Amino acid sequence: MKAHILVIHGPNLNLLGQRETSVYGTASLKEINALIKTEAEKYGLEVSTFQSNYEGALVEAIQEAKGKYDFIIINPAAYTHTSVALRDAILAVDIPTIEIHLSNIYKRENFRHKSYISGVAIGQISGFGVQSYLLAVKAVAEIIKQKR
Ligand code: DQA
């Protein structure tokens, strides 16, 4: 059976392509989701995507992923730096999770250096623009390959 990945995008990522393009690039979320799907197909993986600006909706998406998804790739956006709730949701469902960021959060303001998510993720990919998402898909494929 195909492994199924849930890709979760946090707040303001619906504005990608229009928002701070010098930091986040010019690709829209729709374009990024299409690139993620194409990358996943290369490895025979299935992908669903979800975006919300609301912390509770993101928590619910993680909760509902239990039993349906094998991996989560999440860009928690600003909630990275604030949300114990997202961290607890990831712990609760116990689905292997990769945290990603388009920008290198360690090159930016101090408040972005702290991630509540990295301590419960398999790992974090930060600073490669759209490639951060695609590298995370590749990481999932490698993890599955190593298990076989
Ligand atoms: C971000 C980095 C966060 O600090 C910021 O709040 C975002 C996007 C990134 O992808 O680089 O909204 O997660």
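Structure: see above.
The present account deals with the structure reproduced in this document. If you're wondering where the values come from, they're calculated on a predicted model, not measured in any experiment.

Quick look at the packing of helix 2 (residues 29-42) against helix 5 (residues 130-147)
Close contact between helix 2 and helix 5 brings their axes to 9 Å; oriented N to C, the two are set at 25 degrees. One way to sum up the angle between helix 2 and helix 5 is to call them roughly parallel. Note that helix 2 runs across helix 5; the crossing there is right-handed. Every residue of helix 5 that contacts helix 2 at I32, L35, I36, E39 and A40 is listed here: V130, Y133, L134 and V137. Its residues placed into classes, the contact of helix 2 with helix 5 shows eight nonpolar, no polar and one charged.

Concerning the sheet that holds strand 3 (residues 71-75)
Read from one edge to the other, the open sheet built from five strands follows the order 2-1-3-4-5, with strand pairing classed as parallel. With one partner strand each, in any of the chains shown, strand 2 (46-51) and strand 5 (123-126) form the two edges of the open sheet. Shown here is a sheet whose adjacent strand axes are inclined to one another by a mean of 20 degrees, direction ignored. As defined by bridge partners, strand 1 (residues 4-9) adjoins strand 2 across six bridges and the pair is classed as parallel.

Considering the pairing of strand 4 (residues 97-101)
Burial runs high along strand 4: five of the five residues are buried. The two faces of strand 4 match: T97, E99 and H101 on one face and I98 and I100 on the other face are all buried. By the bridge criterion, three bridges tie strand 3 to strand 4 in an arrangement that is parallel. Bridge pairing in strand 4 links I72 to T97. At this point the chain moves from strand 3, through helix 4 (residues 84-93), to the parallel strand 4, and the crossover so formed is right-handed. Looking at chain direction, strand 4 and strand 5 are connected through four bridges and run parallel. If you follow H101 over to strand 5, its bridge partner there is S126.

Rules of the game
- Residues numbered from 1 in each chain as written.
- Predicted model: local features only at pLDDT ≥ 70, side-chain atom pairs only at ≥ 80, totals over all residues.
- Heavy atoms only, no water.
- Axes fitted to C-alpha atoms, helices over the stretch in contact; angles between N-to-C directions.
- Helix = DSSP H or I, 4+ residues; strand = E, 2+ residues; numbered from the N terminus.
- Parallel < 35°, antiparallel > 145°, perpendicular 65-115°, else oblique.
- Left-handed = near helix turned anticlockwise from the far one by under 90°.
- Contact = heavy atoms within 4.5 Å.
- Nonpolar A, V, L, I, M, F, W, Y, C, P; charged D, E, K, R; others polar.
- Pairing = 2+ DSSP bridges.
- Buried < 20%, exposed > 50% of the residue type's maximum accessible area, 1.4 Å probe, protein only.
- Right-handed = clockwise from strand over helix to strand, strands pointing away.

The values are spatial; any link to function lies outside them.
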